[in-house]
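# Survey of secondary and tertiary structure
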Amino acid sequence: MSTQNNNVSSEIMIQLKGVNKWYGEFHVLKDIDLSVSKGERIVVCGPSGSGKSTMIRCLNRLEEHQQGQILVGKTELTNDIKNIETIRREVGMVFQHFNLFPHLTVLENCCLAPIWVRKVPRKDAEATAMKYLERVKIPDQAYKYPGQLSGGQQQRVAIARSLCMNPEVMLFDEPTSALDPEMIKEVLDVMIELAHEGMTMICVTHEMGFAKTVANRVIFMDGGQIIEENNPHEFFDNPQSERTQLFLSQILAH
Amino acid sequence: MIVNDNKIPDMPPPASTVGAVGWLRKNLFSSWANSILTVVVGYIVISNLIPLIDWVFLTSDWLGDSREDCTSGGACWVFITVRLEQFIYGFYPESEYWRINTIFVMLAGLIAALIFEGTPKKGWLGAFTLLIFPIIAFYLLYGGAFDLEVVETHKWGGLSLTLVLACVGIVASLPFGVLLALGRRSNMPIVRSLSTAFIEIWRGVPLISVLFMASVMLPLFVSGETSMDKLLRALIGITMFQSAYMAEVIRGGLQAIPKGQYEAAMALGLNYWKSMGLIILPQALKLMIPGIVNTFIALFKDTSLVLIIGLFDLLAIVQAALSDPKWLGYSVEGYVFVAFVFWIFCFSMSRYSQALERKLHTGHGAR
Ligand SMILES: Nc1ncnc2c1ncn2[C@@H]1O[C@H](COP(=O)(O)OP(=O)(O)OP(=O)(O)O)[C@@H](O)[C@H]1O
Ligand SMILES: [Mg+2]
């Protein structure tokens, strides 16, 4: 299926098998099957309320699935807190609203988890943090508080903060949809660079330009199901299902 | 085209808008109604203030050793000055006053160092104040170690007892309050219901009855010989009662922290206690400073209720002194003194909390 298979290995990074989830009576995720190889970049799209966030939040147990199997690396997500903590160490997540810690400086935001979770010495953690802050092009903001930064800068700090944990996979939940148009590009550039370095990424986004440039696969969700899954070229030019066609015509209309 | 070549020199603003006159006109006499209000309120304040100042300072007596020295007709502060030692130290043996003084000086020094901006290693100093200092203070006060004579708690009294009650209550109720608040928000049903029940029971009864139960009922249940110290029972009662209040203040602060903060902490792999200790509580405590200090102030004043179980805190000991036949009729002086001492402590706490809020606010940037 995929065309842009540069540096995608056959090693499976994430696997969902028959995953189902309910909020009370409401069936949010229906029989989700998905497997993501190391180095793959997946873009997930779909209408509001279709379960995109719920699905990727299940991958690091911010939400609990009730049926089926989720494997991250070789670890299965169960109620075992050990497994959950192992997986969270290896999976980075970037949120729509950044969720930086406002009482800590940018540098402290980045060092906190390496120091307290990975037990890295403070000096090394700070050196790593500065390296990643340089990668996202804001080393000069290291000693500021998040409240003093623009939205785009905050989101880049959030990406750097996740990278400092040296994760195997990065999850993005609409990382640019809370940003003003002129800041979207600076965040997308960072993400594109990350993709070129071979990071395994699952990204919920409606930035179709981004999907076309970096994704190996685009997944379309509606009503809690994966409706269509294809390489970006086929997905945009030749959508198979009616719902996908309708969705694409709506988001490409403006 | 317009060209303006004559430079206008800087002029002072019109006199009617600045300076004392301007301020008066703007704030006190801006309209007829305002002027009348100013005059009436001013009259009431001044007509009461003059006799008060007269009573407190001008016609009062400060020095002497019996009521015969109070001749000026105003307040008889001799009553206070003569018994000041008792009001401060209670029935503590005079030869051991230095022990209480040492604690006062140490505590004052530690608090000053903690408030002072430039103190290095504040974290360690704070930990010392909260963890080590109470142990030192206990052995100094109670004795029984380092060759210090034991001073039974029934000899403790006055301001020093009030401060013991307040400090122990404050230092102990905060961690208990945090635990109870976290418990009430826990996902585990048993922890949650136990915490909720604890909070609701203690919050629902008056402190007086808690103290009564601690002093009268508890000995009935706790078997025979192992009688627990009365002060200790009062301290436990006060701590339980205040932790319940504290828990609700803290829960309020926790609720104000957005869900995204918890999620970000979890997503980074921080476990429950680390996310609470490093991310959630530091932010929540900052929001809760006014509420926490409010509870502390209430606690400080509530300590005076221990007089009903026969402990002689500052208020009780002054009251006892009032019933001394040699000093009958000086109750106003006694109560004014007690009120003033309480006010000094509570007002200092209030000022400190405001300073702390300002400092944390500027330090943490907007958002
Ligand atoms: N905690 C919750 N309790 C109950 N229902 C929820 C909860 N969270 C989400 N839902 C519902 O589950 C559905 C899927 O939500 P989800 O956030 O995954 O959608 P989404 O595809 O990410 O949408 P969006 O594009 O708006 O972010 C929605 O209908 C939502 O109302
Ligand atoms: Mg969403």
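Residues numbered from 1 in each chain as written. Chains lettered and ligands numbered in written order. Predicted model: local features only at pLDDT ≥ 70, side-chain atom pairs only at ≥ 80, totals over all residues. Heavy atoms only, no water.

Turning our eyes to something else, we now look at empty space enclosed by the protein. One pass over the full model with this rule turns up 2 cavities of 30 Å³ or more. Here the largest cavity is characterised by a volume of approximately 80 Å³. Surrounding the largest cavity, 13 residues form its lining, Gly-92, Met-93 and Ser-162 of chain A together with Ala-267 and Leu-268 of chain B being those nearest its centre. Among the elements of the structure, helix 2 (81-90), strand 6 (91-94) and helix 5 (151-163) of chain A together with helix 10 (259-267) of chain B are those that each provide at least two residues to the lining of the largest cavity. With 3 residues, strand 6 of chain A is the largest single contributor of residues to the lining of the largest cavity. Each residue belonging to the lining of the largest cavity can be placed in one class, and the counts come to 8 nonpolar, 2 polar and 3 charged. Each pocket or cavity is described by its volume, and for the second largest cavity that value is around 40 Å³. Contributing to the lining of the second largest cavity are Arg-135, Val-136, Leu-163, Val-190, Glu-193 and Leu-194 of chain A. It is helix 6 (residues 181-196) of chain A that contributes the most residues to the lining of the second largest cavity, 3 residues altogether. (1 Å grid on protein atoms, 1.4 Å probe; cavity = no way out; pocket = protein on both sides within 12 Å on 5 of 7 lines; lining within 4 Å. Points joined across faces, edges and corners; volume = space filled by probe spheres on them. Helix = DSSP H or I, 4+ residues; strand = E, 2+ residues; numbered from the N terminus. Nonpolar A, V, L, I, M, F, W, Y, C, P; charged D, E, K, R; others polar.)

Below, the discussion takes up the pattern of salt bridges. Evaluated as defined, the whole model comprises 17 salt bridges over all chains. A salt bridge links Arg-118 of chain A to Glu-90 of chain A, with the shortest nitrogen-to-oxygen separation between them at 3.7 Å. Within this pair, whereas Arg-118 of chain A is found in the loop between helix 3 (106-116) and helix 4 (122-135), its partner Glu-90 of chain A is found in helix 2, the two being separated by 28 residues in sequence. Note on Glu-90 of chain A: relative accessible area 24%, which makes it partly exposed. We note a salt bridge from Arg-184 of chain B to Glu-200 of chain B, for which the minimum N-O separation is 3.1 Å. Here Arg-184 of chain B, found in helix 6 (residues 158-184), pairs with Glu-200 of chain B, found in helix 7 (residues 189-203); they are 16 residues apart in sequence, far enough to count as distant. (Salt bridge = Lys/Arg side-chain N within 4 Å of Asp/Glu carboxyl O. Buried < 20%, exposed > 50% of the residue type's maximum accessible area, 1.4 Å probe, protein only.)

We now examine the sheet that holds strand 5 (residues 75-76) of chain A. Residues and elements named next belong to chain A. Spatially, 2-1-4-5 is the arrangement adopted by the 4 strands of the open sheet, whose pairing is antiparallel. In this open sheet, the two edge strands, each paired with only one partner strand, are strand 2 (26-37) and strand 5. One ladder, built from 2 bridges, connects strand 4 (residues 67-72) with strand 5; its direction is antiparallel. When the sheet's bridge partners are listed, Leu-71 is paired in strand 5 with Glu-76. (Pairing = 2+ DSSP bridges.)

All names here are of chain B. Considered domain by domain, chain B is made up of domain 1 (96-151) and domain 2 (159-360). The C-alpha centroid of domain 2 is placed 20 Å from the C-alpha centroid of domain 1. The partner domain 2 presents 7 residues to the 8 residues of domain 1 that form the contact. Roughly 550 Å² is buried in total at the junction of domain 1 and domain 2, and carbon and sulfur atoms are behind 80% of that figure. Looking at the side of domain 1 facing domain 2, the largest losses of area belong to Phe-104, Ile-115 and Leu-130, adding up to 48% of the total buried there. If you look at where domain 1 meets domain 2, you find 0 salt bridges. At the boundary of domain 1 and domain 2, one finds 0 residue pairs in polar contact (both at pLDDT 80 or more). (Domains from an automatic or database assignment. Contact = heavy atoms within 4.5 Å. Buried area = accessible area lost by both parts, 1.4 Å probe. Polar contact = N/O pair within 3.5 Å; in protein donor to acceptor, adjacent residues only side chain to side chain.)

Once that is clear, we can look at helix 3 of chain A. Among the 11 residues in helix 3 of chain A, 9 count as buried, and that is most of the element. Buried within helix 3 of chain A are the following residues: Val-106, Leu-107, Asn-109, Cys-110, Cys-111, Leu-112, Ala-113, Pro-114 and Ile-115 of chain A. Packing partners of the buried residues in helix 3 of chain A comprise helix 4 and helix 5 of chain A together with helix 11 (272-302) of chain B.

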